[in-house]
Amino acid sequence: MPRYAMVIDLQRCVGCGSCSISCRNENNVSEGIYWSHKITETSGKFPNVRYHYIPTLCNHCTNAPCVRGCPTRAMHKLDNGITMHDPKKCIGCRYCMINCPYGVIYFNWKDAHPSWKSGNSVIQGVTSSPAEEVRQVGGKGIPYYNPERNETLPGIRSKGVVEKCTFCDHRVKEDKLPRCVEACPADARIFGDLDDPKSEVNQLLGKFRPFRLKEALGTEPAVFYIRDFSAAGYPRTKGGI
Amino acid sequence: MMKLNLWIGLLLIGILIGLWATFRIYTVGFSLYAKTDVLVWTLPLSTYIFFSLTSAGLAFVSSFPVVFGIKRYEVIEKRTVYLELAVLIGSFVCLILHLGSPLKVIYILLSPNPSSPLWWLAVLYCAYFVLLLSAFWRIHTGKISKTLGVLIFLIAIFTSTTLGWLLGMTDARPSLNASFFSFYFPLTGLASGAAALILFSMVSAQLSGQGVPEEKSALYNEFARLMGIIAGMVAVLFLWRTISGGISSTAVEYSAFKHMIGSIPYNIEFWLGLVVPTILMLSPSIRTTVWGKVTASVLLLVGMFAGRLEFVLSGVIRPLGQMAEGRPEIVSYMPTVYEIFVALFGLSVMLLIYTIGERYLKLETIPE
């Protein structure tokens, strides 16, 4: 059985957000919920400042604190290393959100995709309302509903339960790459089997010095970051007093 | 009788408001709470913690005669156990309204996860409730069961300390994370349990028109002194929590707790809830008066209530990981009216159950 992991090459990543948008479409993710997101930081003091961009998603930790704490095993590990969630068993206690050090688990505070339920049109009798739009295209809750998501998880999650990235388990099951990996125009996301020494993931981990988020916590994330984007140079110096 | 009807009417209004809030929360959604994805645990959960630890504290008090053989406490045993039961039911009300999908709790049985402290808490609370009902029934029929008393004492220790484990597991939130809380929770529970018992006993005695019976007066004075000592101990622990986690620690993860140090709940907890009751109860001339006991116990309960909120918020107001994106370093919190209604619902249910017991179950009866 493979053990899936992802390498994110920060030199290749251009911060375009394709991963996040394709993830929303693939997984019917509701407004305010981010299965695929980012951490941005600025460093330095003006005028010497820099902007850093780190794409984020569920780390599918080997020692997942969310799995350990879930009272009903709604949050659980699959044999292939994916941290999966079963909304049918989720009691909505949000203990996984408290336990997750990465802030990647979201709670459905209300019904998903509320803006698509609106019956108000922008111009009465001229434009259609969001609800009519959904009806016309035969979508389920949203016009761009992806029924394939429904294979392993309710296509749209109900209110009162949590949700998060599943490494597109429904696609992986059919030997397809996660949607964010496929959609990345810069090939900055590399997905593969950590137990296969010849996999592209292992080739990159052997070639560069990887880091993972909050490694000191011992959660053993399966998302690795390599390299950094910097086209900048500087004149050779020893500083000064 | 008129006053009693008015009181019950007020409590029924509180319950009706709670039921309306419940309907709204489960139809509209939890967006009615002042929550963002950062503030996942707030007033409903802190109220549950307040009630559940108060219930555990009452269990410790009820163990005085049964487990430790301090027979003079048998005269308040029935009231203590009944109050414990009422407070526990109040905590359940708040807990249920904290859960996004409470009907699925059946999966705690169908799909158990013993590595989860939350699973253990659920199991312990089920056992606790059944044992408590049985123990009260035995006392009501005239006998104290030592076996049930010991079991309840043990379960109260395990529930309050498991709560410490539950929060101690959260490595990324050190404000919640310390084995220290497995000691802090039972002790603070005992403080609020003692305060609840003194308050309800004093008010019941005054409302009966006969005042505190002579034979119980010395016992209540002794118990009030014990409450003052416990409040003082908690104040010392509280100060060390502040110094080690809030002042001397350099870890950025403690910034949420550092922020809470200047907050209203923190100051209510420390000054009104711990310092003032300690001073009041260690002064013999105040301790022996009814108003002194009532004032100290009310302040202690208010302080503990604020303290549970302070504790929960100190763990969640600092966004972690990607949740911090686009958010300030510390997220502000103000409870919504629905959250307040949930706390009011739990309190009203607890008070109504207690009032019914006071009226019909002869809580002053001394079991054999």
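Anything mentioned here points back to the structure above.
Residues numbered from 1 in each chain as written. Chains lettered and ligands numbered in written order. Predicted model: local features only at pLDDT ≥ 70, side-chain atom pairs only at ≥ 80, totals over all residues.

Draft legend 1. Local environment of the overall build of chain A. The secondary structure content of chain A amounts to seven helices and nine strands. Seen through its principal axes, chain A has C-alpha atoms that stretch 70 × 45 × 35 Å. Of the contacts made within chain A by residues no fewer than 6 positions apart, 60% connect residues no fewer than 24 positions apart. (Helix = DSSP H or I, 4+ residues; strand = E, 2+ residues; numbered from the N terminus. Contact = placed C-beta atoms within 7 Å.)

Draft legend 2. Representation of the interface of chain A and chain B within the structure. Contacts between the two partners involve 36 residues from chain A and, on the opposite side, 35 residues from chain B. Elements represented by at least two residues in the side of chain A that touches chain B include exactly β2 (36–45), α2 (65–69), α3 (95–99) and β6 (106–107) of chain A. Looking at side-chain class alone, the side of chain A that touches chain B contains 19 nonpolar, nine polar and eight charged residues. (Nonpolar A, V, L, I, M, F, W, Y, C, P; charged D, E, K, R; others polar.)

Draft legend 3. Inspection of helix α7 (residues 181–207) of chain B at higher detail. Over its 27 residues, α7 of chain B runs 38 Å from end to end, which matches the ideal 39 Å to within 8%, given 1.5 Å per residue. Once α7 of chain B ends, the next one or two residues include G209 of chain B, with phi positive near 85°. (Expected span 1.5 Å × (residues − 1).)

Draft legend 4. Region of interest: the packing of helix α2 (residues 43–66) of chain B against α7 of chain B. All names here are of chain B. Between α2 and α7, the shortest axis-to-axis distance is 6 Å and the interhelical angle comes to 80°. With respect to each other, α2 and α7 are oriented roughly perpendicular. Counted together, L53, T54, A56, G57, L58, F60 and V61 of α2 and F185, P186, T188, G189, L190, A191, S192, G193, A194, A196 and L197 of α7 form the full contact between these two elements. Here the contact of α2 with α7 is built from residues that sort into 12 nonpolar, six polar and no charged. (Axes fitted to C-alpha atoms, helices over the stretch in contact; angles between N-to-C directions. Parallel < 35°, antiparallel > 145°, perpendicular 65-115°, else oblique.)

Draft legend 5. Spotlight on the nonpolar core. Within the largest apolar cluster, 164 residues are counted, with the highest numbers of intra-cluster contacts made by A191, A194 and M227 of chain B. Among the elements that line this core, the one with the most residues is α2 of chain B, at 13 residues. (Core = buried A, V, L, I, M, F, W, Y, C linked by C-beta atoms within 7 Å. Buried ≥ 20, exposed ≤ 12 C-beta atoms within 10 Å, placed from the backbone.)

Draft legend 6. Examining the sheet that holds strand β9 (residues 223–226) of chain A more closely. All names here are of chain A. Judged by pairing direction, the sheet is mixed, and its three strands sit side by side in the order β8-β1-β9 without closing on themselves. Two strands bound the open sheet, and with one partner strand each, they are β8 (189–193) and β9. Taking the axes of each pair of neighbouring strands and ignoring which way they run, one obtains an average angle of 25° across the sheet. As paired strands, strand β1 (residues 4–9) and β8 are joined by five bridges and run antiparallel to one another. Looking at β8, one finds that Y4 is bridged to D193. Strands in contact with helix α7 (residues 200–207) are β1, β8 and β9; relative to β8, the strand with the most contacts, it is inclined by about 115°. (Pairing = 2+ DSSP bridges.)

Draft legend 7. Representation of the pairing of β2 of chain A in the model. Residues and elements named next belong to chain A. When β2 meets strand β3 (residues 48–57), the two strands line up antiparallel, connected through 10 bridges. Within β3, the residue paired with I39 across the bridge is I54. Hairpin remark: β2 followed by β3, antiparallel, with two residues in the connecting loop.

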